Amino acid sequence: MDFTGKTAIVTGGSRGIGRAVCLELAKGGANVVLCYAGNEAAAQETVRAVEALGAKALAVHCDVSDSAQVNGLTGAATAAFGQIDILVNNAGITRDNLLMRMSEAEFDAVIAANLKGAFLCMKAVSRLMLKQRYGRIVNLSSVVGLRGNAGQVNYAASKAGVIGMTKSLAKELAARGVTVNAVAPGFIETDMTAVLSDAARAAAQGGIPMGRLGAPEDVAKAVAFLASDETAYITGQVLAVDGGMAM
Ligand code: NAP
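Notes on the structure follow.

**What about the overall build of the protein chain?**
Reasoning step 1: Within the protein chain one finds nine helices and seven strands.
Reasoning step 2: Whereas a compact globule of 247 residues would reach a radius of gyration of roughly 18 Å, the protein chain reaches 17 Å, a difference of no more than 12%.
Reasoning step 3: Judged by the C-alpha coordinates and their principal axes, the protein chain covers about 45 × 35 × 35 Å.
Reasoning step 4: Counting over 247 residues, the protein chain shows a buried share of 49%.
Reasoning step 5: Sequence-distant contacts, at least 24 apart, represent 74% of the contacts inside the protein chain between residues at least 6 apart.
Reasoning step 6: Carbon together with sulfur atoms contributes 54% to the accessible area of the protein chain, which is approximately 11200 Å² in total.
Reasoning step 7: Of the side-chain charges in the protein chain, 22 are positive and 21 negative, and the distance between the mean point of each set is 6 Å.

**Some thoughts on the state of the cysteines**
Reasoning step 1: In the structure shown here, the tally under the stated rule is zero disulfides.
Reasoning step 2: Here Cys22 is not cross-linked by a disulfide; its sulfur's nearest cysteine counterpart is in Cys35, at 9.4 Å.
Reasoning step 3: Considering cysteine sulfurs only, Cys62 is the nearest to Cys35, which forms no disulfide, with 4.6 Å between them.

**A short note on the site of the ligand**
Reasoning step 1: As a structural note, the neighbourhood of the ligand is formed by 29 residues, with Ser14, Gly38, Asn90, Tyr155 and Thr190 the closest of them.
Reasoning step 2: Between the ligand and Tyr155, the relevant distance is 2.5 Å, taken from an oxygen atom to a side-chain nitrogen or oxygen of the residue.
Reasoning step 3: Lys159 places a side-chain nitrogen or oxygen 2.8 Å from an oxygen atom of the ligand.
Reasoning step 4: For the shell around the ligand, the secondary structure elements donating two or more residues are helix H1 (16–27), helix H6 (153–173) and helix H7 (191–194).
Reasoning step 5: Top element by residues in the shell around the ligand is H7. It accounts for three residues.

**Details of unusual backbone geometry**
Reasoning step 1: You will see that Arg133, though not glycine, has its phi angle at about 55°, which is positive.
Reasoning step 2: The residue Arg133 is located in the loop between helix H4 (104–132) and strand S5 (135–140) in this model.
Reasoning step 3: The partly exposed category is assigned to Arg133, whose relative accessible area is 49%.

**Some words on helix H9 (residues 216–226)**
Reasoning step 1: What H9 keeps buried is the set Pro216, Val219, Ala220, Ala222, Val223, Ala224 and Leu226.
Reasoning step 2: Buried residues along H9 sit against H1, strand S4 (86–89), S5, strand S6 (178–185) and strand S7 (238–241).

**Brief notes about the pattern of salt bridges**
Reasoning step 1: In the structure shown here, the tally under the stated rule is seven salt bridges.
Reasoning step 2: Across the salt bridge formed by Asp191 and Arg15, the nearest N and O atoms sit 2.8 Å from each other. Separated by 176 residues along the polypeptide, Asp191 in helix H7 and Arg15 in the loop between strand S1 (7–11) and H1 bring together distant segments of the chain.
Reasoning step 3: Residues joined in a network through salt bridges with shared partners are Glu24, Lys27 and Lys221.

**So, the packing of helix H3 (residues 67–81) against H4**
Helices that pack against each other are described as a pair by the angle of their axes relative to one another and the distance between those axes.
Reasoning step 1: Two numbers describe how H3 lies on H4: the axes approach to 9 Å, and their chain directions differ by 40°. Here H4 runs oblique to H3, going by the angle between their axes. As H3 runs across H4, the sense of the crossing is right-handed. Along the contact surface, H3 presents Ser67, Val70, Asn71, Thr74 and Thr78, while H4 presents Leu120, Cys121, Ala124, Val125 and Leu128.

**With respect to the sheet that holds S1**
Adjacent strands of a sheet form backbone hydrogen bonds with each other and so pair up, either parallel or antiparallel.
Reasoning step 1: Read from one edge of the open sheet, seven strands run S3-S2-S1-S4-S5-S6-S7, paired in parallel fashion. Strands at the two margins of the open sheet, each flanked by one partner only, are strand S3 (57–61) and S7. The average angle at which neighbouring strand axes cross in this sheet is 20°, direction not considered.
Reasoning step 2: Bridge count between S4 and S5: four bridges; the pairing is parallel. Within S5, the residue paired with Ile86 across the bridge is Arg136.
Reasoning step 3: Together, S1, S4, S5 and S6 form the strand contacts of H4, whose direction differs from that of S4 by roughly 175°.

Reading the values: the criteria
- Residues numbered from 1 in each chain as written.
- Predicted model: local features only at pLDDT ≥ 70, side-chain atom pairs only at ≥ 80, totals over all residues.
- Heavy atoms only, no water.
- Helix = DSSP H or I, 4+ residues; strand = E, 2+ residues; numbered from the N terminus.
- Rg over C-alpha atoms; globule rule 2.2 N^0.38 Å.
- Buried < 20%, exposed > 50% of the residue type's maximum accessible area, 1.4 Å probe, protein only.
- Contact = heavy atoms within 4.5 Å.
- Areas by Shrake-Rupley, 256 points an atom, 1.4 Å probe, with all protein chains shown as cover.
- Lys, Arg positive; Asp, Glu negative; His and termini not counted.
- Charge placed at Lys NZ, Arg CZ, Asp CG, Glu CD.
- Disulfide = S-S within 2.5 Å.
- Near = heavy atom within 4 Å.
- Polar contact = N/O pair within 3.5 Å; in protein donor to acceptor, adjacent residues only side chain to side chain.
- Salt bridge = Lys/Arg side-chain N within 4 Å of Asp/Glu carboxyl O.
- Axes fitted to C-alpha atoms, helices over the stretch in contact; angles between N-to-C directions.
- Parallel < 35°, antiparallel > 145°, perpendicular 65-115°, else oblique.
- Left-handed = near helix turned anticlockwise from the far one by under 90°.
- Pairing = 2+ DSSP bridges.

Geometric descriptors of this kind do not, in isolation, establish any biological role.
In structure tokens, the structure reads:
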């Protein structure tokens, strides 16, 4: 896919799926602006990997749940590259617990990072994209947002909310050349899932028709497709990338 001359913001680009998305977009020639919450060393590693592919990269510290920091992120992107064509809302966290044990703080933290963060980033780029009459927004949801999962009431709410926001904004921006879509990954091998027990991993694998966990690159390729010029007539959709898990 050709992203020559395009600038992409990828939130949570320091690790996991976000880093794979940065590299996939860089392969197509995009300028990549990635943000991270605390792991600067990992973010700089992504920058070096993007540059090794011959593309330009900028890492910005930004907590996506803070509107002032999000405005700083979009400001840094336009100062460096003059435009923002692609936004990938990838930053996300989990704070798993059964509902009866889940604290208000665990609920609020996940909603703030996963749902409010995507809202603030979409709000920060929408005006620019409308003016350009061009934009691609891709949001990371999850199969958990489609099907629910015991121990993840907060996370499921945030990821189902992302789908609602995706469809609503898709309707608001459709007439102006801006598409808004979501991907819903299944069980992907990253730091987020590395904390799960062997039993939980085996159970998850048993529920995947393809019989394997996904790799960050599996998701990144779908994100890049939805971020490309090839998808001008696709908006408001949720693409599952899950080895058949949520059929
Ligand atoms: P990960 O390896 O844990 O990486 C999370 C990324 O998000 C890191 O770059 C982290 O930055 C960043 N981040 C976290 N909170 C942030 C905040 N408040 N502001 C800015 N950045 C923040 O996660 P992952 O597995 O790659 O997941 C990426 C996305 O895919 C998430 O939205 C997740 O919910 C979704 N997803 C993952 C799976 C899966 O199986 N892995 C399945 C479905 C959906 P630092 O490095 O600075 O901490």
